[in-house]
Amino acid sequence: MNRATTQSEATRLHPHSADGVIELLQITDTHLFAGAEADLLGIAPWHSCRAVVDAILEDDSPRDLILATGDLSQDHSPESYRQFTRLMAELAPPVFWLPGNHDDAPVMQAELDAAGISNAKQLLCGNWQILLLDTQLRGAVHGELAAEQLELLERAINDYPRHHLLVAVHHQAVPVGCAWLDQHNLRNAGELKQRLARHRAAKVVLFGHVHQGFDEVHDGVRYLASPSTCIQFKPLSDDFALDHTAPGWRALSLYPDGRLSTQVWRLPPDAFVPDFSATGY
């Protein structure tokens, strides 16, 4: 489990933009294997992630940070995390990360530490505070925020009440409309929502896990998810189903006054086509 940070341990970042706008990317659910040719439901995750990185590199817009919101590995191997770090090293912004239900958190942290990727979970950037909260429950597909994660959130809200707040988690804190996915949600999302309700500045929750774009507002909180860099799940499907949409990522601009603009980007259609006969993963 991650030790909750104190106010003095928050990592400070400075936006590149002169007007204080924070530019960030969400990259999630890469599901990498040790081998670049390994297959996941008809798609080789290294090659699709490679294509996503190449597409991001084609845009030379300055970025302040990247949030990698879990399920970075599919086979839990040290080499799968090395594959991730090598790909991320080609992107200039610092990367901050969370484990997902598919990750081996100790192996993940050891490899990302060795690559010099920060383990910081509380970031201050301009008028925004970004928290990365660990929802992984070892041995389970669904998620849960442990007591120290909720304490970190509570303390962050108390310490920085005027900062707008972006909370990054792996598991979805609101239903996305897929019955088979929503049974594997963040089980104590109510406790997250209770604490967010006390915060008076802008609030955003950013998550992975669902392998699809998502954008809804609930009780004054905006909930966003990004496509996976490999396979996509079909929206609004009661049973497991893959989607025809291409791998992707999300770009976000956080404005000093609490506004947010965001866009999902995808690779070209049919660039990576999954095996639609698959029944699970």
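Worth saying up front: this structure is predicted, and the values here are computed from it rather than measured.

**Q** Can you tell me about the nonpolar core, naming the residues and giving the values?
**A** Counting 63 residues, the largest nonpolar core has Leu153 and Phe207 as the members making the most contacts within it. It is helix H4 (residues 147–159) that contributes the most residues to this core, 5 residues altogether. In terms of nonpolar packing, the next biggest core, distinct from the first, is built from 21 residues, Leu65, Leu166, Ala168 and Leu260 among them.

**Q** Give a description of helix H1 (residues 45–58) that names residues and reports values.
**A** The first and last C-alpha atoms of H1 sit 20 Å apart over 14 residues, in line with the 20 Å expected at 1.5 Å per residue. Restricting attention to buried positions, one finds in H1 the residues Pro45, Ser48, Cys49, Arg50, Val52, Val53 and Ile56. Where H1 is buried, its residues meet strand S2 (22–27), helix H2 (78–88) and strand S11 (248–254).

**Q** Account for the sheet that holds strand S7 (residues 164–169), naming residues and giving values.
**A** Note on sheets: strands pair through backbone hydrogen bonds, and any given pair is parallel or antiparallel. Spatially, 7 strands are ordered S1-S5-S6-S7-S8-S10-S9 in an open sheet, and the strand pairing comes out mixed. For this open sheet the edge positions go to strand S1 (11–13) and strand S9 (214–218), each flanked by a neighbour on one side alone. Across the sheet, the mean angle from the axis of one strand to that of its neighbour is 20 degrees, orientation sign disregarded. The sheet contact formed by strand S8 (residues 203–207) and strand S10 (residues 221–225) spans 4 bridges and is parallel. If you follow Phe207 over to S10, its bridge partner there is Ala225.

Procedures and definitions
Residues numbered from 1 in each chain as written. Predicted model: local features only at pLDDT ≥ 70, side-chain atom pairs only at ≥ 80, totals over all residues. Heavy atoms only, no water. Core = buried A, V, L, I, M, F, W, Y, C linked by side-chain atoms within 4.5 Å. Buried < 20%, exposed > 50% of the residue type's maximum accessible area, 1.4 Å probe, protein only. Helix = DSSP H or I, 4+ residues; strand = E, 2+ residues; numbered from the N terminus. Expected span 1.5 Å × (residues − 1). Contact = heavy atoms within 4.5 Å. Pairing = 2+ DSSP bridges. Axes fitted to C-alpha atoms, helices over the stretch in contact; angles between N-to-C directions.

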